[in-house]
Amino acid sequence: MLFKAFIYGLGLYAIYHFAQSGGLLNIGGGSIGFGASKSHWAGVQAEVRQAMLDSWHTYEKYGWGYDVYHPIKQTGENMGKRPLGWMIVDSLDTLMLMDAKEEVNRAKKWIKEDLDYVFDQDVNVFETTIRMLGGLLSAFHLSQDDVYLDKAVHLANLLHGAYKSPSGIPYASVNLETGDGIKNHVNAGASSTAEAGTVQLEMKYLAKLTGEADWWQLAEKVMQALEANKARDGLVPIFVNPETGKFQGSYIRLGSRGDSYYEYLLKQYLQTNSQELIYWEMYRESVEGVKKHLVKESYPNKLKFIGELEKGIGGGLSNKMDHLVCFYGGLLALGATEGKTIQEARKLPNWNEEREADFKLGEDLTYTCYKMYHDVPATGLSPEIVVFNTDPSKNEDFYIKPRDRHNLQRPETVESLFYLYRITGDNKYRKWGEEIFENFMKYTKVVNLDGEVSFSSLQDVSQVNKDKVAKFADNTESFWWAETLKYLYLLFDDTNKIPLTDYVFNTEAHPFPKFDLSDHLKTGWRRKIDENQPPRMLESKVKIDKQKLPEAQPVNKPLEEEAKEAVKENPELAKDENIDEKREKLNKIIENLDKN
Ligand code: DMJ
């Protein structure tokens, strides 16, 4: 059975590889715009750039180098004894994309001269990876300046200890000086599943740049451990124990602690030019799981939303949805077309009903997320969390609990608008983005007596005072610069900067170029067969062309061991031939595939 699965896996891999290569490959990179008025959008894009630069200059003046910035008090502070570059490193590639040369030079000088990661400080492994390592790697890609790569390698070496758990699942934190991994202080030491599953793009790109396969293998080991849990319908509980590698509890959601696990399934597949079918399968399984268990419609306007399974599958769906979930609409559209435009993707032989349905759900969810802004009368800004209404006796599609009224200027909705616009060219996504941007300008802008501009999170989106001013939380999140303003800038860009066919954005909006697998940078493991969820032939309409068959995927276990296990499962196999003969046969088949 395992033999069959192996060959089947190869075949399926080949189908995908072929579908994505040769004559079917998307060229991309052309300009988009689809009849939009260029000058209008160029004007909005210039406003976004101005908002970035104005607030950056204020930060340079009052908070330079600090990890945390308070725009009302006009002061900053570090998270530990010394700065980690939280603001500067996270924002650097936005400044680069906006062609802010002087600002980039000043940031580079600070990174080179003042940023030293070796000190006694516990840091969150995921946050440091996505923001700092991710920021440095994309800055290196955009500038080809070794300062950033050297710093990235240095930081990665300090994070290395986090992966020294018995399961390979990273501990929640690591001490930068000692390199010791540190268990989560709460939740019985469990790591968040999203955190464990959201370091792979960064580690793999680092491996690609340095040629050191170790980073790659650490990342794959995490994925292998997560997958070995065989989550039902691809939906994972939000905690995982780094000692045992087992999921902890049954809470399933696409919001905090769950979100980017699903994001990186797709993006790992895209990062290596769609050559790792394993991640496509895991991603598609999870999408089907989401459709089956988590999607619901609100009343009265039938807004599609994604609820939460507090007690796991079968335990009843809660109607709560974090703003964090709003990345999912864009992800579904990206997955459906793999970065091509919808017009191009629909013409490809691999287009099927599932891709069409994913894309449609992506559009619907993005509309819902837009409504989470548009339907908040006071500010037109979304709260952190909403609860959707499914009760026909009530007239509002969602309500906001008092403790969830804040707005951190999060990126997820504008991120989805960016993907949907790039993929469809439909101007409505730009219009929605413009509306959201204008509301951020109206309600989150802080201007001091000297006319200097900053931006702040809000305490409550549902109320403004008599002067139409909302209550500030006196904090600027680094993702406002790293993600929200970057996605808005790219949404209004007419030149297809950072084409989706050539790049993947990490979860903190740092763009990495796609690349091919190689002999030493490769998956290195394969999924165990789960009798309850046989792998589905997802793209059955595409014919295999043997000329295009890719290299066989390596496996961790020696083939012999696999064969023995296969016989244990099915003694029939052993009757007519011995294991060695079977193994030889299999090797021949693989050899032939390689020759062809
Ligand atoms: C960012 O740090 C990342 O986008 C992460 O994946 C989720 N949370 C914030 C933004 O909301």
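None of the values given here were measured: they were computed from a predicted structure.

## Concerning helix α5 (residues 125–143)
Given 3.6 residues to a turn, an α-helix orients residues that are three or four positions apart in the same direction.
Now for step 1: Between the first and last C-alpha of α5 there are 26 Å, a value that for 19 residues agrees with the 27 Å anticipated at 1.5 Å per step.
Now for step 2: At Gly134, α5 shows its strongest bend, of approximately 30°.
Now for step 3: Where α5 begins, one side-chain oxygen reaches toward the backbone nitrogen of Phe126, 3.0 Å away; that side chain belongs to Asn124.

## Notes on the nonpolar core
Now for step 1: Counting residues in hydrophobic clusters, the biggest one holds 158 residues, and the most contacted among them are Ile111, Tyr117, Tyr148, Ile306, Met321 and Tyr328.
Now for step 2: When residues no more than four places from it in sequence are discounted, the contact partners of Tyr148 are Leu92, Met96, Val104, Lys108, Ile111, Leu136, Ala139, Phe140 and Ser143.

## A short note on the sheet that holds strand β12 (residues 385–388)
Now for step 1: Taken in spatial order, the 3 strands line up as β11-β12-β13 in an open sheet, and their pairing is antiparallel. The open sheet has two edge strands, β11 (320–322) and β13 (398–399), and neither has a second partner.
Now for step 2: For β11 and β12, the ladder comprises 3 bridges, and the chain directions are antiparallel. Residue pairing for β12: Lys320 is matched across the bridge by Val387.
Now for step 3: Contacts from helix α14 (residues 353–374) reach β11, β12 and β13 within the one sheet, and its direction differs from that of β12 by about 110°.

## So, the site of the ligand
Now for step 1: Taken together, Ile130, Arg131, Leu324, Arg410, Pro411, Glu412, Phe479, Glu483, Thr507 and Glu508 make up the full set of residues adjacent to the ligand.
Now for step 2: Arg131 has a polar side-chain atom sitting 3.4 Å from an oxygen atom of the ligand.
Now for step 3: Between the ligand and Glu508 there is a distance of 2.6 Å, counted from an oxygen atom to a side-chain nitrogen or oxygen.
Now for step 4: Look at the ligand: alone it shows 290 Å² of surface, and the protein chains cover 92% of it.

## Considering the UniProt feature "binding site: Ca(2+)" (unreviewed entry) in the protein
Now for step 1: UniProt annotation of "binding site: Ca(2+)" (unreviewed entry) refers to Thr507 when read in the numbering used here.
Now for step 2: Mapping Thr507 onto the fold places it in the loop between β16 (503–505) and β17 (511–513).
Now for step 3: On the accessibility criterion, Thr507 (14% relative accessible area) is buried.
Now for step 4: Not counting residues up to four positions away in its chain, the partners in contact with Thr507 are Phe126, Ile130, Thr198, Ser260, Glu263, Tyr264 and Glu483.
Now for step 5: A distance of 2.8 Å separates the side chain of Thr507 from the side chain of Glu263, its partner in a polar contact.

## Examining the pattern of salt bridges
Close approach of charged atoms lets side chains of opposite charge pair.
Now for step 1: A full pass over the atoms with the stated rule returns 42 salt bridges.
Now for step 2: In this structure, Asp404 engages Arg403 in a salt bridge whose closest nitrogen and oxygen atoms are separated by 3.8 Å.
Now for step 3: The exposure class assigned to Asp404 is buried, which follows from its relative accessible area of 6%.
Now for step 4: It is possible to trace a salt-bridge network through shared partners that takes in Glu227, Lys230, Glu281, Glu285 and Arg527.

## Looking at helix α6 (residues 146–159)
Now for step 1: Between its terminal C-alpha atoms α6 stretches 20 Å, which fits the 20 Å expected from 14 residues at 1.5 Å a residue.
Now for step 2: Among all positions of α6, only Val147, Tyr148, Leu149, Lys151, Ala152, Leu155, Ala156, Leu158 and Leu159 are buried.

## So, the state of the cysteines
Now for step 1: Per the stated rule, a full pass over the model turns up 1 disulfide.
Now for step 2: The partner cysteine of Cys326 in its disulfide is Cys369, sulfur to sulfur 2.1 Å. Looking down the S-S bond of the Cys326 and Cys369 bridge, the torsion is -90°, so its handedness is left-handed. Linking Cys326 in the loop between β11 and α12 (327–337) with Cys369 in helix α14, this pair joins segments that are 43 residues apart in sequence.
Now for step 3: The buried category is assigned to Cys326, whose relative accessible area is 1%.
Now for step 4: Residue classification places Cys369 among the buried residues on the basis of a relative accessible area of 2%.

## Things to note about the sheet that holds strand β5 (residues 181–182)
Now for step 1: Taken in spatial order, the 3 strands of this open sheet run β3-β4-β5, and their pairing is antiparallel. At either margin of the open sheet sits one strand with a lone partner, and together these are β3 (122–124) and β5.
Now for step 2: Its contacts with the sheet place α5 against β3 and β4 (173–175), and it is angled at close to 70° to β3.

## Observations regarding the environment of Leu133
Now for step 1: Here Leu133 lies in helix α5.
Now for step 2: With a relative accessible area of 0%, Leu133 lands in the buried category.
Now for step 3: As a C-alpha pair, Leu133 and Tyr148 span 15 residues in sequence and 9.3 Å in three-dimensional space.
Now for step 4: Sequence-distant contacts of Leu133, that is, excluding residues within four places in its chain, are made with Thr128, Ala152, Leu155, Ala156 and Glu202.

Cut-offs applied
Residues numbered from 1 in each chain as written. Predicted model: local features only at pLDDT ≥ 70, side-chain atom pairs only at ≥ 80, totals over all residues. Heavy atoms only, no water. Helix = DSSP H or I, 4+ residues; strand = E, 2+ residues; numbered from the N terminus. Expected span 1.5 Å × (residues − 1). Bend = angle between axes of the 7 residues up to and from the residue. Polar contact = N/O pair within 3.5 Å; in protein donor to acceptor, adjacent residues only side chain to side chain. Core = buried A, V, L, I, M, F, W, Y, C linked by side-chain atoms within 4.5 Å. Buried < 20%, exposed > 50% of the residue type's maximum accessible area, 1.4 Å probe, protein only. Contact = heavy atoms within 4.5 Å. Pairing = 2+ DSSP bridges. Axes fitted to C-alpha atoms, helices over the stretch in contact; angles between N-to-C directions. Near = heavy atom within 4 Å. Areas by Shrake-Rupley, 256 points an atom, 1.4 Å probe, with all protein chains shown as cover. UniProt positions renumbered as here; feature names shortened; annotations may be inferred. Salt bridge = Lys/Arg side-chain N within 4 Å of Asp/Glu carboxyl O. Disulfide = S-S within 2.5 Å.

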